[in-house]
Amino acid sequence: MGTILRAIENLSHAALRGRGFVSRTISAGLEPVHAYDAQGRGALPPVVIVHGLGASAASFARVAVPLLSVSKRVVLLDMPGHGRSVAPLVRPLTPRTVFRAVVHALDGLLDEPFVLVGNSLGGAAALAHALERPERTRGLFLLSPAGAHLPGDHAAEVLATFRMRGRPEGRRFLDKVYHRAPLYTHLVAHELPRWMGREPVRDLLEHAHEIAFSTDELAKLTVPTVLSWGKSERLLPASGLAFLKEHLPAHVRIEEPEGVGHCPQLDDPRALARRLAAFLSEVGSP
């Protein structure tokens, strides 16, 4: 199931454990989930990070470690069926099941309001949490979030990108994820079809139409929010950003940074860590 990708994930796991992160499983309703959890050395609010479809919490290792110096606590959450979370107990796994699992996990894990960061499907999960638990969400930082209503042909193109058959489609996927795909990514392109073909990922793709938020839901967002959509975003269509710009409340700050694509934690983790630290400082101020 992806020898190189699994090795990369294991190395990130070891690095997080070596920097003080505890690997733990949390009760999240019907779907127990895994998390990396560490006490920070700073005074700013706790921060929770949720990854995207097919990825894992360990992919944010190079962002999480620097945040330990400014935050009280840093948590990286594995969605059900991803990373070190167990296989889903309820099938099929749907986006709304993931959203509920995130809410349940965080209800039991933290006892004070926190900043929630989410990328892609994790961004949609973070947004769903902020809508349901605004009193527990100190701030929301969305990185190319899913959840926008897309025209049918645009939605079909996104799904086709995830449904890979071989190395060429794997390379195409990586080219869309990164601002500029590193040379080493050609070593893992052949593993991506099987990696993205895992049952939880297939389930979520089959139910991708359930991710979208209604305009009424988006209008109810009240917490301090930044929507970051990289200038090199190629996995999600521009129509998604246009929809979110039109329907999110006026207080939401829209940022379109240069030099990053769909996953800024891969393109420039140090810059993302600095930006998140600044946001923590902003929402953590009296």
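Residues numbered from 1 in each chain as written. Predicted model: local features only at pLDDT ≥ 70, side-chain atom pairs only at ≥ 80, totals over all residues. Heavy atoms only, no water.

Visitor: How should I be thinking about the overall build of the protein chain in this particular structure?
Guide: Across its full length, the protein chain carries 12 helices and eight strands. Relative to the globule expectation of 19 Å for 286 residues, the C-alpha radius of gyration of the protein chain, 17 Å, shows essentially globular dimensions. The principal-axis extents of the C-alpha atoms in the protein chain amount to approximately 50 × 45 × 40 Å. Classification of the 286 residues of the protein chain by burial places 55% in the buried group. Considering only contacts within the protein chain whose residues lie at least 6 apart along the sequence, 77% involve residues at least 24 apart. Accessible surface computed for the protein chain: about 12100 Å², of which carbon and sulfur atoms make up 55%. (Helix = DSSP H or I, 4+ residues; strand = E, 2+ residues; numbered from the N terminus. Rg over C-alpha atoms; globule rule 2.2 N^0.38 Å. Buried < 20%, exposed > 50% of the residue type's maximum accessible area, 1.4 Å probe, protein only. Contact = heavy atoms within 4.5 Å. Areas by Shrake-Rupley, 256 points an atom, 1.4 Å probe, with all protein chains shown as cover.)

Visitor: Sorry, what's going on with the side chain of Asp-203 here?
Guide: With respect to the helices and strands, the residue Asp-203 is situated in helix 8 (residues 199-206). Every residue in contact with Asp-203, bar those within four places of it in the chain, is listed here: Arg-91, Pro-92 and Leu-93.

Visitor: What is the right way to look at the pairing of strand 2 (residues 33-39) in this model?
Guide: Within a regular beta strand, the side chains point alternately toward one face of the sheet and then the other, so they alternate between its two faces. Of all the seven residues making up strand 2, six are buried; the element is thus mostly covered by neighbouring parts of the structure. Bridging between strand 1 (residues 22-26) and strand 2 involves five bridges; their strand directions are antiparallel. Within strand 2, the residue paired with Val-22 across the bridge is Asp-37. The hairpin formed by strand 1 and strand 2 contains six residues between the paired strands, and Gly-29 there has a positive phi angle of roughly 70°. Where strand 2 meets strand 4 (residues 73-77), five bridges bridge the pair, whose relative direction is antiparallel. Bridged to Ala-35 within strand 4 is Leu-77. (Pairing = 2+ DSSP bridges.)

Visitor: Would you explain the pattern of salt bridges in this entry?
Guide: Where charged atoms of side chains with opposite charge meet at close range, the side chains can pair. Going through the model one piece at a time under the given rule, you end up with 19 salt bridges. Between Arg-73 and Asp-37 there is a salt bridge, and its shortest N-O distance comes to 2.7 Å. Linking Arg-73 in strand 4 with Asp-37 in strand 2, this pair joins segments that are 36 residues apart in sequence. Its relative accessible area of 13% is what places Arg-73 among the buried residues. Residue Asp-37 is classed as buried on the basis of its relative accessible area, which comes to 7%. The closest approach of N and O atoms between Arg-253 and Glu-282, which form a salt bridge, is 2.5 Å. Taken as a pair, Arg-253 in strand 8 (residues 253-255) and Glu-282 in helix 12 (residues 269-284) lie far apart in primary sequence, 29 residues in all. (Salt bridge = Lys/Arg side-chain N within 4 Å of Asp/Glu carboxyl O.)

Visitor: How should I be thinking about the packing of aromatic side chains in this particular structure?
Guide: Aromatic ring pairs are described here by two measures, namely the spacing of the ring centres and the angle between the planes. Summed over the entire model, instances satisfying the criterion amount to three aromatic pairs. Ring geometry for Phe-99 against Phe-213: centres 6.0 Å apart, planes inclined by 5°, an arrangement best described as stacked. Taken together, the residues span a long stretch of sequence, with Phe-99 in helix 3 (residues 95-109) and Phe-213 in the loop between helix 8 and helix 9 (215-219) at a distance of 114 residues. Accessibility expressed as a relative area gives 4% for Phe-99, which makes it buried. Note on Phe-162 and Phe-173: the rings are 5.3 Å apart at their centroids and 65° apart in plane angle, and the pair reads as edge-to-face. Of this pair, Phe-162 sits in helix 5 (residues 152-162) while Phe-173 sits in helix 6 (residues 167-177), placing them 11 residues apart in sequence. Assigned by exposure class, Phe-162 and Phe-173 land together as buried. (Phe/Tyr/Trp six-rings, centres within 6.5 Å; stacked < 30°, edge-to-face > 60°.)

Visitor: Sorry, what's going on with the nonpolar core here?
Guide: Where a protein is soluble and globular, its nonpolar side chains tend to be buried together. Judged by nonpolar contacts, the single largest core of 63 residues is most densely connected at Leu-77, Leu-106, Leu-140 and Phe-173. The residues touching Leu-106, leaving out its near neighbours within four places in the chain, are Val-48, Leu-77, Phe-114, Leu-116, His-129 and Arg-136. Within the second largest apolar cluster, 30 residues are counted, among which are Val-63, Leu-76, Leu-143 and Ala-273. (Core = buried A, V, L, I, M, F, W, Y, C linked by side-chain atoms within 4.5 Å.)

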